[in-house]
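# Coordinates in review
What follows is the residue order along each chain.
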Protein chains: 2
Amino acid sequence: MAATGAGRATTAGRMLDLLRTQGTLSRVELAERTGLTPATITNTVRRLIDAGLVHEIGRGHQRGRGQPRRLLELDPAAWHAVGIQVDRTTTTIVVLDFAGTRVAGASLRGSGGERPETTIAALVEHVTDLLRHSGIAPERVLGAGLVTHGPQDRERGMLLTAQPDPAWLEFPLTRTLAERLGIPVLLENDATAAAFGEQWAGTVPADTFGLIYMASGIGGGVIVDGESYRGRTSNAVEIGHIALGGGRAPCLCGNNGCAQAEASPGTVVAQALADASLAARLGIRGGPEDTLADFERLARAWRTGDRAAAALLERSARWIGQAAVTLVNLFDLDTVVLAGPAFATAGPLYRRQVAAELEQRALTRALSRPGVHLAANVETAAAIGGALHVLRTMPVDVPRPPAVIGSG
Amino acid sequence: MAATGAGRATTAGRMLDLLRTQGTLSRVELAERTGLTPATITNTVRRLIDAGLVHEIGRGHQRGRGQPRRLLELDPAAWHAVGIQVDRTTTTIVVLDFAGTRVAGASLRGSGGERPETTIAALVEHVTDLLRHSGIAPERVLGAGLVTHGPQDRERGMLLTAQPDPAWLEFPLTRTLAERLGIPVLLENDATAAAFGEQWAGTVPADTFGLIYMASGIGGGVIVDGESYRGRTSNAVEIGHIALGGGRAPCLCGNNGCAQAEASPGTVVAQALADASLAARLGIRGGPEDTLADFERLARAWRTGDRAAAALLERSARWIGQAAVTLVNLFDLDTVVLAGPAFATAGPLYRRQVAAELEQRALTRALSRPGVHLAANVETAAAIGGALHVLRTMPVDVPRPPAVIGSG
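This is a predicted model, so every value here is computed, not measured.

## A look at the relation of the copies chain B and chain A
Its rotation angle being 180°, the transformation that places chain B on chain A also includes 0.1 Å of axial translation and leaves an RMSD of 0.1 Å. When the rotation and shift are considered jointly, the pair of chain copies conforms to a two-fold rotation axis. Most of the interface of chain B is mirrored in chain A: 98% of its interface residues are interface residues there too.

## Thoughts on the packing of aromatic side chains
Tallied over the full model, the rule gives 10 aromatic pairs over all chains. Aromatic pair Phe331(A) and Tyr229(B): ring centres 5.4 Å apart, planes at 85°, arrangement edge-to-face. Separated into two different chains, Phe331(A) in helix H11 (residues 307-331) and Tyr229(B) in the loop between strand E13 (227-228) and helix H7 (259-263) make up a pair that spans both. Overall, the relative accessible area of 0% leaves Phe331(A) in the buried class. Residues Phe331(A) and Phe331(B) carry aromatic rings whose centres are separated by 3.9 Å and whose planes lie at 25° to one another, so their mutual orientation is stacked.

## Topic: the domain arrangement of chain A
Under the domain assignment used here, chain A contains domain 1 (11-74), domain 2 (80-194 + 386-393) and domain 3 (207-374). Inter-centroid distance (C-alpha atoms) of domain 1 of chain A to domain 3 of chain A is 42 Å.

## Some remarks on the sheet that holds strand E7 (residues 141-148) of chain B
Residues and elements named next belong to chain B. Judged by pairing direction, the sheet is mixed, and its five strands sit side by side in the order E6-E5-E4-E7-E10 without closing on themselves. On the outer flanks of this sheet lie strand E6 (102-109) and strand E10 (185-189), each paired with one strand and no other. Neighbour-to-neighbour, the strand axes of the sheet open up by a mean angle of 15°, direction not taken into account. Examined bridge by bridge, strand E4 (residues 80-86) and E7 share six bridges and lie parallel to one another. Its bridge partner lying in E7, His80 is registered against Val141. Sitting on the sheet, helix H5 (residues 173-181) touches E4, E7 and E10, and the angle it makes with E10 is about 140°.

## Concerning the side chain of Glu198(A)
All names here are of chain A. Along the chain, Glu198 turns up in helix H6 (residues 190-201). Buried within the structure, Glu198 lacks any salt-bridge partner; its nearest side chain of opposite charge belongs to Arg102, at an N-O separation of 9.4 Å. Looking at Glu198, its side chain comes within polar contact range of the main-chain nitrogen of Ala376, at 2.7 Å.

## Concerning the pairing of E4(B)
The side chains of a regular strand alternate, first on one face of the sheet and then on the other. Taking burial as the measure, the seven residues of E4(B) include seven buried ones, the bulk of the element. Hairpin connection of E4(B) to strand E5 (residues 90-97) of chain B: three residues between the antiparallel strands.

## What to know about the sheet that holds strand E12 (residues 218-224) of chain B
Residue and element names in this part refer to chain B. The strand order E13-E12-E11-E14-E15 describes an open sheet built from five strands, whose pairing is mixed. Because the sheet does not close on itself, it has two edges, and the strands there are E13 and strand E15 (371-374). The strands touched by helix H6 (residues 190-201) are strand E11 (209-214), E12, E13 and strand E14 (335-339); relative to E11, the strand with the most contacts, the crossing angle is about 125°. Where helix H11 (residues 307-331) meets the sheet, its contacts fall on E11, E12 and E14, and the angle it forms with E11 comes to roughly 150°.

## Some remarks on the pairing of E12(B)
Residues and elements named next belong to chain B. Burial analysis of E12 places seven of its seven residues in the buried class, the great majority of the element. The side-chain alternation of E12 yields two buried faces, one formed by Ile218, Gly220, Val222 and Val224 and the other by Gly219, Gly221 and Ile223. For E11 and E12, the ladder comprises six bridges, and the chain directions are antiparallel. By the bridge assignment, Phe209 is partnered in E12 with Ile223. Between the end of E11 and the start of E12, which pair antiparallel, lie three residues. Sheet topology note: the E12/E13 ladder contains two bridges and is antiparallel. Its bridge partner lying in E13, Ile223 is registered against Ser228. Between the antiparallel neighbours E12 and E13 lie two residues, among them Asp225 with a positive phi of about 50°.

## With respect to the environment of Arg102(A)
Residue and element names in this part refer to chain A. Within the secondary structure layout, Arg102 lies in strand E6 (residues 102-109). Separated by 21 residues in the primary sequence, Arg102 and Ala81 have C-alpha atoms spaced 9.6 Å apart. Those residues in contact with Arg102, other than ones at most four positions away along the chain, are Val94, Val95, Leu96, Thr380 and Ile384.

## Side note on the packing of H11(A) against H11(B)
Put simply, H11(A) and H11(B) touch, their axes get as near as 12 Å, and they point 80° apart. For the element pair H11(A) / H11(B), the angle class is roughly perpendicular. Seen from H11(A), the contacting residues are Thr326(A), Leu330(A) and Phe331(A); seen from H11(B), they are Thr326(B), Leu330(B) and Phe331(B). Along the lines of polarity and charge, the residues of the contact of H11(A) with H11(B) split into four nonpolar, two polar and no charged.

## Remarks on helix H13 (residues 381-393) of chain B
Residues and elements named next belong to chain B. Taking 1.5 Å of rise per residue, 13 residues should cover 18 Å, and H13 covers 18 Å from first to last C-alpha, within 8% of that figure. Of all the 13 residues making up H13, 12 are buried; the element is thus mostly covered by neighbouring parts of the structure. When H13 is considered as a whole, its buried residues turn out to be Ala381, Ala382, Ala383, Ile384, Gly385, Gly386, Ala387, Leu388, His389, Val390, Leu391 and Arg392.

How each quantity is defined
- Residues numbered from 1 in each chain as written.
- Chains lettered and ligands numbered in written order.
- Predicted model: local features only at pLDDT ≥ 70, side-chain atom pairs only at ≥ 80, totals over all residues.
- Heavy atoms only, no water.
- Least-squares fit on C-alpha atoms with pLDDT ≥ 70 in both.
- Contact = heavy atoms within 4.5 Å.
- Phe/Tyr/Trp six-rings, centres within 6.5 Å; stacked < 30°, edge-to-face > 60°.
- Helix = DSSP H or I, 4+ residues; strand = E, 2+ residues; numbered from the N terminus.
- Buried < 20%, exposed > 50% of the residue type's maximum accessible area, 1.4 Å probe, protein only.
- Domains from an automatic or database assignment.
- Pairing = 2+ DSSP bridges.
- Axes fitted to C-alpha atoms, helices over the stretch in contact; angles between N-to-C directions.
- Lys, Arg positive; Asp, Glu negative; His and termini not counted.
- Salt bridge = Lys/Arg side-chain N within 4 Å of Asp/Glu carboxyl O.
- Polar contact = N/O pair within 3.5 Å; in protein donor to acceptor, adjacent residues only side chain to side chain.
- Parallel < 35°, antiparallel > 145°, perpendicular 65-115°, else oblique.
- Nonpolar A, V, L, I, M, F, W, Y, C, P; charged D, E, K, R; others polar.
- Expected span 1.5 Å × (residues − 1).

Here it is as structure tokens:
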């Protein structure tokens, strides 16, 4: 895996990105969209074709009187990438081809209270099986994107938190996983990855938007002009850990009244357990690894008209709505996306409540009506985003153009 | 004022920026810091000298056995820029030379409840006087940066709020001021401008930081890697309008428990008025244009040991501390700067309280100890930043290099 050039900032990388998003483009369209000269486009396309990353297919529509143009497309089989999202209660694995299409996927139980070595051993086994069953040779896998909650040290590939267990704090996650899988591994934040995933899925009608991600925990991501807001150490948009109006519940983070403490699935499930008849009626278990399954029980009960379940979920959704108001007012957004397994069933209830809060309280609501969208891939957006991150940022073999002396 | 090339993104613009920040640099140092080739540096420096923007002074220290190098410096008299910060209760005007040094300044009463035409007429008079008294010819003034609270439409040069008065909503501020002054006018947010001003003053030991700006209102700005976070419409970081834990007071913006409603100078003064003996003792007036003067009375009383005044300010400072925690957790920062006229006297009390809240509640406090700084120019940072914004972004006369064919 030579580090030679198709990273995002390079000409080749930009063209691969465009083809991945658009599906097919002609050379003329590539020139129009990149602002590069036809000569540069021609040379770069030739290199990409020689490297087996791009091929020509058929011909596009005729424009004016000119000849129809040959269309370019990524070769889907050129490379693959793996996305792995791990949470305390769920694990999602996806395999994307070079064009970004999902070719395999699996959904498993989460890390639970296990030590990182145990979780990594299970991940290696599942990823290896998935690749083998899909007939993908490991040497055609560009890398894996490991997606977790924060805070993270992305460069060193470690968690900077003792959640879910002290053994995870500063454990060399990406190094261990890369050694065992035999491919490079990048660490990414779950909400940021989900934002990439949804941007790619085309759900979001804007290239500037915020995303609230809810699994066991609550995280956030912001995309500005198509790029992720990273902050100082890539641990930005911790929307689960900001105090909100009226909130008083103490949070693990040291703050009081955080969305995490007031509105997360764990809190909603704890409130359900406090109502013995509700808990018994819905079969709420209450174990730390049951959180999302218990939350799903409440969501399904809401959908069939259970009023007690609805009241608990609506309280949580109002908090998420308040968090969305803060996100929108601080990051200057008019679009919010909800993603993560907690929204699998309860999504519509949350979407409605978040929209209502934004319409009432977003600072620039008079200038543009805030939009709230449920992710297209509510449960898998983060894993898909982790794999896309690999496809977009890891270098592939593209021979360098000859150096130009004195071009500085 | 030809639009020919020294904007920020151009080679000439980058070199002017570097010289403005560093004071003096040799050609070799310019090459090292920009990564440009010596040939490009030599050519661009020649153009800048020919245009009268840069001159050579003396010689730098000898390095190794080589010849001492000639140092370059901006010609301070080449251009000037005006910065005008207008708030309901204060107006600050500064004039900077081309090197960014303050050569004149004035502090006046604010816009009050006046119509925008009246305020603009007063500004024109004061700016004209200030330039005449300083011996600066209007044709050597590059432009003026008009700095106000948000939300703004920076492109159209208008406020998008009916504060302080409905007549200000969408009034063509920059166009009217530019016509009357005869120079271009750019609109900028007060907190963002203050962040530029402080970055320039060198107070902040980081190129990623947040700033909380408090005049009559409360605003925020975030600088990431030296660049301002702008969001979708440049109306980001509205830190005065986010609900905070435990807060319930209704705010003009539609939200409850905002820092603006709970902690702004107007709220603190209203609380002081509710304590008749305190209000009488300190001579609190309570008029809408007296807010900052009344707040100063409370701050001075705190400094001489008045317990009732201290209690009110400390309550406000805890709220600002909570707002700082939200700012830091969402934008991933470890440095917060406090700027604005409200901190003129009460600054140390606020700095201490904000630091205490951050040490207790910032999410990454274990990774790096959050730093809180009082602005070097607490009262004038925003006006200075407005003028710097003009110096950094408005094009100056630099002859273009000859076009290179096929260099795309």
